[in-house]
Amino acid sequence: MFSNFKERFISAIAPDVPMLPNIERDHSHHHRGGGIRFGSQQLTDKFPYARPPFLQLMTPDELRASADHNVRPIIVPRDINLLPWGTGYAECVNSGKSEWNEDQGAFCRQVLSDPEQKHPDLPYTYFGIFDGHAGYGAALAASHQFHHILHEKLVDCLDLLLPRDTNESGPGGAGENGKLNPTFPHPIYFQRRVSKDELIIGALESAFFHMDSLIAQDRDRYRDAGGCTACVSLFIDGKMYVANAGDSRAVLCRRSALPVQEKDDPNDSSIAVDPLDACSYPVPFSSDHTPETERERLLNVARLKPSLLSSYYVAMEYAKRPHIKDMGQRILCRQGSMKGWTYKTLTREDLRMPVVNGEGKRSRLLGTLGVTRGFGDHDLLAINTGIKIKPFLTPQPDVQQRDLTQVVSIPDEHNEDGDYGVLVMATDGLWDVSENKAVARTVFHTLSKYPTEKHRYTMVAQELVARARGKINESGHWRLADSKAAATVDDISVIVIPVSQYYKDYVEWTKTCSKDLEQRRQQKRSAAAASTAEAQEAVNVLNGVLAEEAHVVEEEHEEVVVLETKGHQQQHHHHHLQNEDDEEDETLVVEVQTRLDQVELNEVEEDEAEAELEDGGEEKPVTEQQQNKAKEQEEKKDTPTSKRQKARKGKA
């Protein structure tokens, strides 16, 4: 009861302060150019309305106060340490265009880790800013879910993103001796060369499409989320990536080194130029996606799919809007991807509403929507015709990158913010009334006022929002402070990122990573040495076993040889004895034969002697022939065999 009274009291004293969203109460969805949505609205919100968590607006009173359309307070983080590197953030609600602030901001710091712990971890930081329309649901869902989707996409190519040990790897990630490790995927295995930049850009692009499809899936379960633009920055591996879909914008504000100031000439009457204004300049890192900037793509879609237009629209662009009084006359026009103009005769079909009408920020798609890329808008219908607008939209982002390792910064000049730049990401509430160059000047003017303060980047964000919001005049209109021009009536959200601070973290990480890799190399060397020692020990043991076995085999072989030698000797001795026996037998035969011959000779001699006696009785002298024959017989008796026999007899 007290809460109801409190809400009524606040409504009475501040009628523009809205009630907190109630799931039982439908929202009146405002939109850039209006629009119709179909489907049941009796569903709950997927995420309750809230501001970014780092703002720490926790109570309902704080949320209502932040949405005060009369005061339009500028909200900054209470604790600047919640954002990394002293990053600045500031926001401001619209002047009554929508009930709540439909912008959302987000950031996340994550680490890509190798599950097998073979490679060092790779940290990254993400920032996102989302500008909702037709409700806060799509922007709120993106701020809660997009970083999870992006992390999944980066994990998908984890093996190709993690830092490698280049000392142990050859060119292109080759292993020892230039051989690739087949367990580690590498782009050389693909048919086309794929770089890390292309992998990260692909992860961002696929995350955008996934986020859009997730919002489409939630249509049947939750309240219509509307739509939103998305501008995301990713800092990883020493590089900065910016992805944008819609009319939010990212600008890198840079500054060249300040020149040495010369003494003023008193006779010089020219107006002095502020060095900060002369040296600061913006570098766009995104492009706006509006019906005017994407006119060619939208006309091509309409020309290729005329069924989307029904009979209400025409896929043509005219030099001037045709009227019925111009029927039959020639008129300048172009269609599709035509760069130039041509004439045609005006017909009744040309009187239909063009797919894209209006110019600049007032250009509209099908007379309804002022942006052509982003998330959501799946149920959005064109005003008066009921044609679905989603087929003309796409979540495809434009992605740009910058390699911070190639930036040259001289420490003595103390110009880190100027060399590396300060990235300003903001919704169209800022850019509708602020030029890029003016934003760059404001950034460095504010930083010069707070040269050492830790909250200096928060002061930059607050100053940018204050300039775009302007001041309210006596008639209740918001006007820019520098002029009487109208200030923005839209929500304003600004993130100011000091890129140089990220690079300092990156340098520290590279040192830590180098130490980690060196420790891993030492561990590998120790493990290799230990394994080598174990292997050598095993080889030594094996060699010892083999040596013992060889010694045993050698001894066995020697025994066999000895036995064989003894056998051969015995066999030879046996043969020798057998040969001697044979020789003795032959000798005996010879001796017997010799003795027989001698006996016969003696008998013959005796017979001759007897005959001589009978003839004369006198002995005849021995002739020379007979003497020689006797000597031969003596020599035959003295043969080697007889000598051996005599020697044996002597031994015996």
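Everything numeric here is computed off the predicted structure, so don't read it as measured data. Throughout this description, residue numbers start from 1 for each chain and increase along the sequence as written. Totals for whole chains, interfaces and linings use every residue, but because this is a predicted model, local features are given only for residues with pLDDT of at least 70 and side-chain atom pairs only at 80 or more, for both listing and counting. As a convention, hydrogens and water are excluded, and side-chain values are obtained from all of the structure's heavy atoms.

A. Seen up close, the overall build of the protein. Elements are defined by DSSP. Helices are runs of H or I of four residues or more, strands are runs of E of two residues or more, and each kind is numbered from the N terminus. Of the regular secondary structure elements, the protein holds 14 helices and 22 strands. In the protein, once contacts between residues fewer than 6 apart in sequence are set aside, the share between residues at least 24 apart is 72%. Using a 1.4 Å probe, accessible areas were evaluated by the Shrake-Rupley method; residue-level cover was limited to the displayed protein chains. Summed over all atoms, the accessible surface of the protein reaches about 37,000 Å², with 52% contributed by carbon and sulfur. By the convention used here, residues are in contact when the closest approach between their heavy atoms is within 4.5 Å.

B. Up close: the packing of helix α3 (residues 137–156) against helix α5 (residues 196–217). In contact at an axis separation of 9 Å, α3 and α5 are set at 135° when each is read in the N-to-C sense. In terms of orientation, α3 lies oblique with respect to α5. Helix-helix and strand crossings are classified by hand; for α3 and α5 the assignment is right-handed. Contacts between α3 and α5 involve A138, A141, A142, Q145, F146, I149, L150, E152, K153 and L154 from the first element and A203, L204, S206, A207, F208, H210, M211, L214 and I215 from the second. Grouping the amino acids of the contact of α3 with α5 by side-chain chemistry returns 14 nonpolar, three polar and two charged. What counts as an axis is a line fitted to C-alpha atoms, over the stretch in contact for a helix, and the angles between N-to-C directions run from 0 to 180 degrees. Any angle that falls under 35 degrees is termed roughly parallel, while one over 145 is termed roughly antiparallel, one within 65 to 115 roughly perpendicular, and all others oblique. Crossing handedness is read from the near helix: turned anticlockwise from the far helix by less than a right angle, it gives a left-handed crossing, and turned clockwise, a right-handed one. As a working rule, the residues Ala, Val, Leu, Ile, Met, Phe, Trp, Tyr, Cys and Pro are called nonpolar, Asp, Glu, Lys and Arg charged, and the rest polar, with Gly in that last group.

C. Region of interest: the side chain of R51. Tracing the sequence through the fold places R51 in the loop between β1 (36–37) and α2 (60–66). For R51, a relative accessible area of 5% corresponds to the buried category. In the analysis that follows, any N or O atom pair within 3.5 Å is treated as a polar contact, provided that within protein one partner can donate a hydrogen and the other can accept it, and provided that, for residues neighboring in sequence, both atoms belong to side chains. Of note is the side chain of R51, whose polar atom sits 2.8 Å from the backbone oxygen of D103. Setting aside residues up to four positions removed in sequence, R51 forms contacts with L57, L63, S66, E91, N101, D103 and Q104. Accessibility here uses a 1.4 Å probe with only protein chains present; expressed as a share of the type maximum, an area under 20% marks a residue as buried, one over 50% as exposed, and anything in between as partly exposed.

D. Inspection of the pairing of strand β7 (residues 249–255) at higher detail. Among the seven residues that make up β7, six are buried, leaving the element largely enclosed by the rest of the structure. Here, strands pair whenever DSSP counts at least two bridges between them. Sheet topology note: the β7/strand β19 (residues 422–426) ladder contains five bridges and is antiparallel. Its bridge partner being in β19, V251 is matched across the sheet by V424.

E. Representation of the sheet that holds strand β12 (residues 342–345) within the structure. One open sheet accounts for three strands, arranged β10-β11-β12; its pairing is antiparallel. Strand pairing shows two members of the sheet lacking a second neighbour, β10 (317–318) and β12, which therefore form its edges. Note: β10 against strand β11 (residues 330–334), two bridges, orientation antiparallel. Within β11, the position partnered with Y318 by the bridge is C333.

F. Up close: helix α10 (residues 436–449). When the terminal C-alpha atoms of α10 are compared, their 20 Å separation across 14 residues agrees well with the 20 Å that a helix rising 1.5 Å per residue should span. Those residues of α10 not exposed but buried are N436, V439, A440, T442, V443, F444, T446 and L447. One less than the number of residues in a helix, times 1.5 Å, gives the span that helix is expected to have.

G. Summary view of the sheet that holds β19. Taking strand neighbours across the sheet as the criterion, the five strands line up as β2-β22-β19-β7-β8 in an open arrangement whose pairing is antiparallel. Two strands bound the open sheet, and with one partner strand each, they are β2 (88–92) and β8 (280–284). The average undirected angle you get between the axes of adjacent strands in this sheet is 20°. Pairing between β19 and strand β22 (residues 492–498): five bridges, direction antiparallel. Considered in β22, the bridge of V424 is made with V496. Sheet contacts for α10: β7, β8 and β19; angle to β8, the most-contacted strand, approximately 130°.

H. Summary view of the pattern of salt bridges. Should a side-chain nitrogen of Lys or Arg be within 4 Å of a carboxyl oxygen of Asp or Glu, the pair is scored as a salt bridge. Applying the stated criterion to the full structure yields 25 salt bridges. As a salt-bridge pair, D218 and K46 come within 2.6 Å of each other at their nearest N and O atoms. With D218 in the loop between α5 and β5 (227–236) and K46 in the loop between β1 and α2, this residue pair connects regions lying 172 residues apart in the sequence. On the basis of relative accessible area, D218 is assigned to the buried category, the value being 8%. Where D398 meets R373, a salt bridge forms, and the shortest distance between an N and an O atom there is 3.4 Å. Of this pair, D398 sits in strand β18 (residues 398–403) while R373 is found in the loop between β15 (364–365) and β16 (375–376), placing the two residues 25 residues apart along the sequence. Judged by relative accessible area, D398 falls into the partly exposed class, the value being 29%. The class for R373 is buried, based on a relative accessible area of 13%.

I. Up close: the side chain of E294. As for its position among the elements, E294 is in the loop between β8 and α7 (295–304). Of the residues examined, E294 reaches a relative accessible area of 7% and is grouped as buried. With residues up to four places along the chain from it excluded, the contact list for E294 reads H289, T372 and R373.

J. Representation of α3 within the structure. Taking 1.5 Å of rise per residue, 20 residues should cover 28 Å, and α3 covers 28 Å from first to last C-alpha, within 8% of that figure. Take the seven residues that end at a residue and the seven that start at it, fit an axis to each, and the angle between those axes is the bend at that residue. For α3, the principal kink sits at Q145 and spans about 45°.

K. Representation of the nonpolar core within the structure. By nonpolar core we mean a set of buried residues, namely Ala, Val, Leu, Ile, Met, Phe, Trp, Tyr and Cys, connected to one another through side-chain atoms within 4.5 Å. Of all hydrophobic cores here, the largest spans 77 residues; its most connected members are F130, F146, F375 and L423. Judged by nonpolar contacts, the second largest core, of 23 residues, contains V424, L430, W431 and L447.

L. The packing of α10 against helix α11 (residues 456–469), seen in detail. As a packed pair, α10 and α11 sit with axes 9 Å apart at the nearest point and diverge in direction by 135°. In terms of orientation, α10 lies oblique with respect to α11. As α10 packs across α11, the resulting crossing turns out to be right-handed. Facing V439, T442, V443, T446 and L447 of α10, the residues of α11 in contact are R456, Y457, M459, V460, E463, L464 and R467. Along the lines of polarity and charge, the residues of the contact of α10 with α11 split into seven nonpolar, two polar and three charged.

M. How the structure looks around the environment of A141. Tracing the backbone shows A141 in helix α3. Note on A141: relative accessible area 6%, which makes it buried. Apart from the residues lying within four places of it in its own chain, the contact partners of A141 are F47, F146 and M211.

N. Molecular detail of the environment of T488. Residue placement: T488 occurs in the loop between β21 (478–479) and β22. Taking the relative accessible area as the measure of exposure, T488 reaches 4% and is therefore buried. Along the backbone, T488 and V433 are 55 residues apart, and their C-alpha atoms lie at a distance of 6.4 Å. Contact partners of T488, with chain neighbours within four places excluded, come to R72, G429, V433, A468 and R469.

That is the geometry; function is a separate question.
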